[in-house]
Amino acid sequence: MARVPTSTYRVQFHKDFTFDDAIAIVDYLRALGISHFYASPYLQAAPGSMHGYDVVDHRRVNEEVGGEEGHERFCSALKDAGLGQVLDIVPNHMSLARQNKYWWDVLENGTNSRYASFFDVDWNSPEERLRDKVLVPILGDQYGRVLKSGDIRIVRMGASFTVMVYDQELPVAPQTLAPLLSRAADYARSDMLNFLAASFARLPQAEFWDRRLILARHRDRNVLLKLLERLCAEEDNVCQAIDRTVKEFNANADDLDAFLAAQNYRLAFWKAADQQLGYRRFFDVNTLIGLRVEREHVFDETHALIIKWLKAGVLDGVRIDHPDGLRDPKQYFERLRSYAPDAWIVGEKILEPGEWMRSEWPIEGTSGYDFLNLMLGTLIDSDGLKKLGEHYSVFTGDTTPFPTVAHDKKIAVGQEALGSDVNRLADIFVRICESNREYRDFTRAECRRVVREVAACFSVYRTYVIPDRKEVIEEDRERIASAIQCAKDNRQDVDASLFDFMRAVLTLEIEGKNESEFVYRFQQYTSPVMAKGVEDTAFYCSNRLTAMNEVGGDPACTGFSLDEFHGYQLEVQRSTPTTMTTLSTHDTKRSDDVRARLVVLSEIPDEFAQAARTWQELTAAYRSPQVDPGTEWFLYQTLVGAWPIDAERLRNYMQKAMREAKQRTSWVNNNAEYENAVAEFIDKLLADAKLVASVENFVNKLQPAGRVNSLSQTLVKCTAPGVPDLYQGGELWDFSLVDPDNRRPVDYKQRQALLQELPKLDVSDVMARIDEGLPKLWVIHHALHLRAKRPESFADEGEYTPLKASGTQAERVLAFVRGGDVITAIPLRNAQSRTWGDTSLTLPEGSWRNLLTDESWRAKVRMEDMFAKFPVALLTQESKA
């Protein structure tokens, strides 16, 4: 029977960190207090994958991380150590790499493929040239120019033919061999080759639902290829004739063009993807194609190994990547739960402010971004944050409210990166309008505008209306109505009735086949709009306090009160007590320690603004005019948050940040002049001794409060309702930025050595070595072992009780009781040299011991005393009398 984790430790597998590397840290994780190893996806991924989300084969373990044998050794090591395992899995999409045999079969056979039903491909494009074809946007220039250059050619290897584009290999549709083999037969005067050519031409055509005919076609194709292979082996003149014909086709643009035109794919300039792609992707990544996992045979094929491991107890749980990309998340979770009734299942559901996970989903909770942002907002100084925003506007000249920025970026994403998705939706909406005479005169252009605008007005990732079951709850009706009203207000140039018509379709007031398809696809579309438009674009444009720009967060947030924090935790304890809680993941924009330090800026807004102006003056002599104030402000906050940081890391990060912002450069259209100017500025800035000294002095002033923030949020994560997750290496101070920066190698030898020292140290020893990160390790070790020692205190049915301080600084104390016998207490807003004065915390009856300082307390404790030896407190009840 599966075990619910008491804590998880996330590790990123790739070719440089294999199963054997993981085995080497198993004993360390057990000693740290971890109950479950939380692994990144390790099914067979594309070659060189650094994350595992680009799966090519769901039935195999990734060879680059150790394959099946390495996996068995790894699982045995976990079992021997008493650790469970949670695996991140990817149901929404697959990689299009050559190693994906399903996709290769689709490219070869089109709608006749055994796997055509696996992928979310639009075979009925309104564009005739793309009907029954897949767009393959891999060309570096216009098709005709690439064809003329000779970078596309036919290649024969035995009886196998492929199309080579640069160094990329593509299959050849069997029936398209007929004209090539027919010409070769004339050269070779071979009746057998002529027969094979005619037989290839007569291969049956089928739709993906006609399984019998598809299998018969596949059988005939294999037989013909074997006959061709035998003929080539027996008659050398046949091979020579075929090679002569291939050479002629490659030398004649018309012949080659006709051959390519007959394939089941259409080669295209890579820039065509944004507007013409005919398959659903993962966000805007052309090389990751959407899976139709809602189809039972697709689910069974792609989940067979996962379910086998769950049933065998190899896995205790799974984390489901991006469930909002699924056509029907509830159906998916119910199907998975039916196979694994006892598994611990969490979904990477990004909850926007004010949103809760759907209670009808049969899973334990989310992957923890909601906790991250709640904790972040509780640490914020609301008044200081407002003042910091005023300084930001003066320094940068940017006064645009974040909601406006977010909306505009979502519209831009819909016009550009997700244009093909909009076109697909518009095509369906046009057909819906055509079937309703009151709306049939609306143009395709108007339908596109309405799709883009309504999606941009959604305040959450998506709704969960299910036409097949006629499910639409009031919450979704309200969100749809709100988005429609917002869109009508924004686009008064579009007839309001068209927006109202879309609302009726989205809420199932108007039903039909096209209507249902539109609802499903629109809901799958709003997720990437939010992710790409807000988190991957707007979050790099509106930078009052960059710590607030985090996955699932709201940069316009003004912070959370103690009552709001406690209210949220009470609801979590009631509804999802074993959800995951986290502070850093492989996807966070900044590590927990970077955010903890940056949050301090909300307490000293004037000081930071003055520092930024000083640095602006110090760098004036070598700062290019290309480096605008907005980039400077962002760069200075990055320096402060991630210090110390070398030039290479900072250059790489800033290039990614600038391209994500899409203001003056982007991934698609690189502005080399701007990027080079920023890179040169970084090099000169970090070579400027006076500037570096100034930054170091400023960081040194922030650092104590930043470290307290880090310890505070770490302790709360470990003791609040939910299952705490630790991202690799984060048990010591870690100042990583967004990936790939946060996937750098972790020094586990250092961590193992420090952990072995802990039993010999007391709190004063730990604080004396604060620079090594020992206090953070100290908190994690004590808190996780306490969870294991007193599971009833943190149980599903356990209690969460807010504990309020009294006195002049009472609002700076966050405290709560778990299970009646464990108390967490942390200080808030520690940058100013303020005394605690008369502020105290009244403990429940009994004797209480602070595990972090070994001090005992009763009744009323002054905060000055509680936090004297260590910045945070973890108390356990030693006796009730």
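Residues numbered from 1 in each chain as written. Predicted model: local features only at pLDDT ≥ 70, side-chain atom pairs only at ≥ 80, totals over all residues. Heavy atoms only, no water.

Undergrad: Tell me about the overall build of the protein, and name the residues and values.
TA: In terms of helices and strands, the protein carries 32 helices and 24 strands. Whereas a compact globule of 881 residues would reach a radius of gyration of roughly 29 Å, the protein reaches 30 Å, a difference of no more than 12%. In terms of overall dimensions, the protein has a C-alpha envelope of 100 × 65 × 60 Å along the principal axes. Look at the contacts in the protein between residues 6 or more apart in sequence, and 74% of them connect residues 24 or more apart. (Helix = DSSP H or I, 4+ residues; strand = E, 2+ residues; numbered from the N terminus. Rg over C-alpha atoms; globule rule 2.2 N^0.38 Å. Contact = heavy atoms within 4.5 Å.)

Undergrad: Please give an account of helix H24 (residues 605-618) that cites residues and values.
TA: Between its terminal C-alpha atoms H24 stretches 20 Å, which fits the 20 Å expected from 14 residues at 1.5 Å a residue. Residues of H24 that are buried: Pro-605, Phe-608, Ala-609, Ala-611, Ala-612 and Trp-615. Projected onto a plane normal to the axis of H24, the buried residues spread over an arc of 160 degrees and lie on a single side. Buried positions along H24 lie against helix H15 (382-396), helix H25 (629-642) and helix H28 (689-719). (Expected span 1.5 Å × (residues − 1). Buried < 20%, exposed > 50% of the residue type's maximum accessible area, 1.4 Å probe, protein only. Arc of directions from axis to C-beta.)

Undergrad: Quick one: what's the story with the pairing of strand S7 (residues 134-139), residue by residue and with numbers?
TA: Within S7, 5 of the 6 residues are buried, leaving the element largely enclosed by the surrounding structure. Looking at chain direction, S7 and strand S11 (residues 265-269) are connected through 5 bridges and run parallel. Counterpart to Leu-139 in the pairing with S11 is Phe-269. (Pairing = 2+ DSSP bridges.)

Undergrad: Outline the layout of surface pockets, supporting the account with residue identities and numerical values.
TA: One number sums up the size of the second largest pocket: a volume of about 720 Å³. Taken together, 26 residues make up the lining of the second largest pocket; nearest its centre are Asp-122, Asn-124, Lys-513, Glu-517 and Arg-521. Elements represented by at least two residues in the lining of the second largest pocket include exactly helix H17 (419-434) and helix H21 (513-535). If one sorts the elements of the lining of the second largest pocket by residue count, H21 sits on top with 6 residues. Residue composition of the lining of the second largest pocket, by class: 9 nonpolar, 4 polar and 13 charged. (1 Å grid on protein atoms, 1.4 Å probe; cavity = no way out; pocket = protein on both sides within 12 Å on 5 of 7 lines; lining within 4 Å. Points joined across faces, edges and corners; volume = space filled by probe spheres on them. Nonpolar A, V, L, I, M, F, W, Y, C, P; charged D, E, K, R; others polar.)

Undergrad: Summarise the environment of His-781; cite the residues concerned and give the values.
TA: Mapped onto the fold, His-781 is located in helix H31 (residues 774-789). The spacing of His-781 and Asn-652 is 129 residues in sequence and 34 Å in space, taken between C-alpha atoms. What His-781 contacts, discounting residues up to four positions off in sequence, is Ala-31, Leu-32, Leu-755 and Leu-758.

Undergrad: Lay out the packing of aromatic side chains with the relevant residues and their values.
TA: A full pass over the atoms with the stated rule returns 46 aromatic pairs. On the numbers, 5.9 Å between centres and 80 degrees between planes, the contact of Phe-13 with Tyr-42 is edge-to-face. Of this pair, Phe-13 sits in the loop between strand S1 (8-11) and helix H1 (19-23) while Tyr-42 sits in the loop between strand S2 (36-39) and strand S3 (43-45), and the two are 29 residues apart along the sequence. Taken as a pair, Phe-13 and Tyr-42 share a single burial class, namely buried. For the ring pair Trp-103 and Tyr-279, a centre distance of 5.8 Å and an interplane angle of 70 degrees mean the geometry is edge-to-face. A residue pair is termed long-range when its members are at least 10 positions apart, and Trp-103 in helix H4 (residues 101-109) and Tyr-279 in the loop between helix H11 (273-276) and strand S12 (281-282) qualify at 176 residues. (Phe/Tyr/Trp six-rings, centres within 6.5 Å; stacked < 30°, edge-to-face > 60°.)

Undergrad: A description of the pattern of salt bridges should follow, citing residues and the corresponding values.
TA: Pairing between side chains of opposite charge can happen when the charged atoms of each approach one another. Taken as a whole and assessed by the stated rule, the structure comprises 69 salt bridges. Put simply, Arg-129 and Glu-127 hold a salt bridge, and the shortest N to O gap is 2.8 Å. Given a relative accessible area of 31%, Glu-127 falls into the partly exposed group. Look at the salt bridges and you will find they share partners, linking Asp-120, Arg-280, Arg-292, Glu-294, Arg-327, Arg-424, Glu-517 and Arg-521 into a network. (Salt bridge = Lys/Arg side-chain N within 4 Å of Asp/Glu carboxyl O.)

Undergrad: Report on the packing of H17 against H21, specifying residues and quantitative values.
TA: When two helices pack together, their arrangement is given by the angle between their axes and by how far apart the axes lie. Running from amino to carboxyl end, H17 crosses H21 at an angle of 155 degrees, the nearest separation of the two axes being 9 Å. The angle between H17 and H21 places the two elements in the roughly antiparallel class. Along this stretch, H17 crosses H21, giving a crossing that reads as left-handed. Facing H17, whose interface residues are Asp-421, Val-422, Arg-424, Leu-425, Ile-428, Phe-429, Arg-431 and Ile-432, H21 presents Asn-514, Glu-515, Glu-517, Phe-518, Arg-521, Phe-522 and Tyr-525. (Axes fitted to C-alpha atoms, helices over the stretch in contact; angles between N-to-C directions. Parallel < 35°, antiparallel > 145°, perpendicular 65-115°, else oblique. Left-handed = near helix turned anticlockwise from the far one by under 90°.)

Undergrad: An account of the sheet that holds strand S23 (residues 855-862) is needed here, citing residue identities and associated values.
TA: If you walk across this open sheet you meet the 6 strands as S19-S20-S21-S24-S22-S23, and the pairing is antiparallel. In the strand order of this sheet, the two ends are held by strand S19 (800-803) and S23, each with one partner. Each strand axis lies, on average, 30 degrees off the axis of its neighbour in the sheet, ignoring direction. As judged from the 4 bridges shared by strand S21 (residues 822-827) and strand S24 (residues 873-879), these two strands associate in the antiparallel manner. Its bridge partner being in S24, Val-822 is matched across the sheet by Thr-876.

Undergrad: If you had to explain the nonpolar core to someone new, which residues and values would you point to?
TA: Within the largest apolar cluster, 165 residues are counted, with the highest numbers of intra-cluster contacts made by Phe-13, Phe-37, Tyr-42 and Phe-608. Here this core takes 11 residues from H28, the largest share from any one element. Other than its neighbours up to four places away in sequence, Phe-37 contacts Tyr-9, Val-11, Phe-13, Ala-22, Ile-25, Leu-29, Phe-74, Leu-78, Gly-84, Gln-85 and Val-86. With 61 residues, the next largest nonpolar core counts Leu-135, Ala-159, Leu-260 and Tyr-265 among its residues. (Core = buried A, V, L, I, M, F, W, Y, C linked by side-chain atoms within 4.5 Å.)

Undergrad: Describe unusual backbone geometry, naming the residues involved and giving the relevant values.
TA: Here the bond from Trp-643 into Pro-644 is cis, since omega is 0 degrees, no more than 30 degrees from zero. Examined against the element boundaries, Pro-644 turns out to sit in the loop between H25 and helix H26 (647-661). For the bond running from Asp-739 to Pro-740, omega is 10 degrees, close enough to zero to count as cis. In this structure, Phe-283 takes a positive phi of about 55 degrees despite not being glycine. Position of Phe-283 relative to the elements: it lies in the loop between S12 and strand S13 (285-290). Here Phe-283 falls in the buried class, since its relative accessible area comes to 15%. For His-322, which is not glycine, the phi torsion reads 45 degrees and is therefore positive. Tracing the backbone through its elements, the reader meets His-322 in the loop between strand S14 (317-320) and helix H13 (329-339). Of the residues examined, His-322 reaches a relative accessible area of 6% and is grouped as buried.

Undergrad: Go over helix H27 (residues 672-687), please, and point to the residues and values.
TA: Over its 16 residues, H27 runs 22 Å from end to end, which matches the ideal 22 Å to within 8%, given 1.5 Å per residue. Among the residues making up H27, those that are buried are Tyr-674, Glu-675, Ala-677, Val-678, Phe-681, Ile-682 and Leu-685. An end-on view of H27 places all buried positions within 160 degrees of arc, on one side of the element. For H27, the exposed residues lying more than 90 degrees away from the buried face are Glu-673 and Ala-687. Among the structural elements, H25, H26 and H28 are those in contact with the buried residues of H27.

Undergrad: Explain the sheet that holds strand S6 (residues 93-95) to me, and be specific about the residues and the numbers.
TA: Pairing within the open sheet is antiparallel, and its 3 strands lie in the order S6-S13-S12. Of all strands in the sheet, those bounded by a partner on one side alone are S6 and S12. Relative to S13, S12 runs antiparallel, the two being bridged by 2 bridges. Each bridged residue has a counterpart across the sheet, and for Arg-281 the counterpart in S13 is Ile-289.

Undergrad: Give a detailed account of empty space enclosed by the protein, specifying residues and quantitative values.
TA: Over the atoms a probe the size of a water molecule is rolled, and this reveals where empty space is left. In total, this model carries 9 cavities of 30 Å³ or more according to the counting rule given. Computed from the structure, the largest cavity encloses a volume of approximately 220 Å³. The wall of the largest cavity is formed by 17 residues, among which Arg-280, Asp-421, Arg-521, Gln-524 and Tyr-525 lie closest to the centre. Listing elements by their share of the lining of the largest cavity, those giving two or more residues are H17 and H21. For the lining of the largest cavity, a count of residues per class yields 6 nonpolar, 6 polar and 5 charged. For the second largest cavity, the calculated volume is near 70 Å³. Every residue along the wall of the second largest cavity is listed here: Pro-41, Leu-43, Val-55, His-58, Ile-89, Val-90, Pro-91, Thr-302, His-303 and Ile-306. Examining the composition of the lining of the second largest cavity, we find that 3 residues originate from one element, helix H12 (residues 296-312), more than from any other. Class assignment for the residues of the lining of the second largest cavity results in 7 nonpolar, 3 polar and no charged.

Purely geometric numbers; function is a separate question.
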